[in-house]
Amino acid sequence: MPRRSLTSALVLLAVFAPAPHAWAQYSPENEHVELGWVFWKPASPEITLASGTLATPVDFVQQFSVPDDRFRSLRTTIKLGRHHKFRYSTVPVHYVGSTTSLAQRIGFKGQSFAAGLPVNADLRWSMKRFGYEWDAVSSSGGYAGLVANATYNSLDEQLAAP
């Protein structure tokens, strides 16, 4: 019986005892500039391109055997004060499709590509996000507030017969 009491007391002590402060761990919220370099890979890209009202939609991934690539993202946060942050992120996406013979006739950007013709494909997509964060409540335990973002997308797609 005394062994069970000792075990119960140790379990209760472990559960309810306050954890010591870890000096090696600090919050990134104490810094004025945060930089992040993130690598990511989409599960399976789905890209369909069309140009103008008479263009033929092109399944970019299936038609040009686009490989599953990894992309990088740069993220920056600048703190101007305890409650104010400016954010910036950019994600450059670049897909290059292999030269392949077309399964069907394609009309794209005013050009016509006949079925069976070998075609190179190139897609460059740049996403930039600018944002502002206002933390109405900010403490060492967390923060709550509002975030406003503006996103700029730039897309350049090319099909060319070699």
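These figures come from a predicted structure and were not determined experimentally. All residue numbers here refer to positions counted from 1 along the written sequence of the relevant chain. Thresholds applied to this predicted model are a pLDDT of at least 70 for local features of residues and 80 or more for the giving and counting of side-chain atom pairs; totals over whole chains, interfaces and linings are not thresholded and use all residues. Neither water nor hydrogens contribute to the side-chain values; these are computed over all heavy atoms in the structure.

Enquirer: Whenever I open this one, the side chain of S73 confuses me. Can you help?
Expert: Counting from the N terminus, the helices are the DSSP runs of H or I reaching at least four residues and the strands are the DSSP runs of E reaching at least two. Inspection of the secondary structure puts S73 in strand β4 (residues 71–79). Here, residues are in contact when the closest pair of their heavy atoms is within 4.5 Å. Not counting residues up to four positions away in its chain, the partners in contact with S73 are G36, W37, V38, W40, T90 and V91.

Enquirer: Would you explain the packing of aromatic side chains in this entry?
Expert: For any pair of aromatic rings, geometry is given as the distance between the ring centres together with the angle between the planes. Centres within 6.5 Å make a pair out of two Phe, Tyr or Trp rings, where for Trp the six-membered ring is used; the pair is then stacked when the planes are under 30 degrees apart, edge-to-face when over 60, and tilted otherwise. What the rule picks out here adds up to five aromatic pairs. With a centroid separation of 5.3 Å and 85° between ring planes, the pair formed by F71 and Y95 is classed as edge-to-face. Residue F71 is located in strand β4, and its partner Y95 is located in strand β5 (residues 84–101); the two are separated by 24 residues in the primary sequence. Each of the two residues, F71 as well as Y95, counts as buried. Taking the centre distance of 5.4 Å and the plane angle of 55° together, the rings of F86 and Y132 count as tilted. A residue pair is termed long-range when its members are at least 10 positions apart, and F86 in strand β5 and Y132 in strand β8 (residues 118–139) qualify at 46 residues. Residue Y132 is classed as partly exposed on the basis of its relative accessible area of 30%. The rule is short: NZ of Lys or CZ of Arg within 6 Å of the ring centre and within 35 degrees of the ring normal puts a charge over the ring. When the ring centre of Y143 is taken as origin, the NZ or CZ atom of K85, which lies over that ring, is 4.3 Å away. Here's how the labels work: a residue is buried when its accessible area is under 20% of the maximum for its type, exposed when over 50%, partly exposed in between, all with a 1.4 Å probe on protein chains only.

Taken by themselves, the reported measurements are silent on function.
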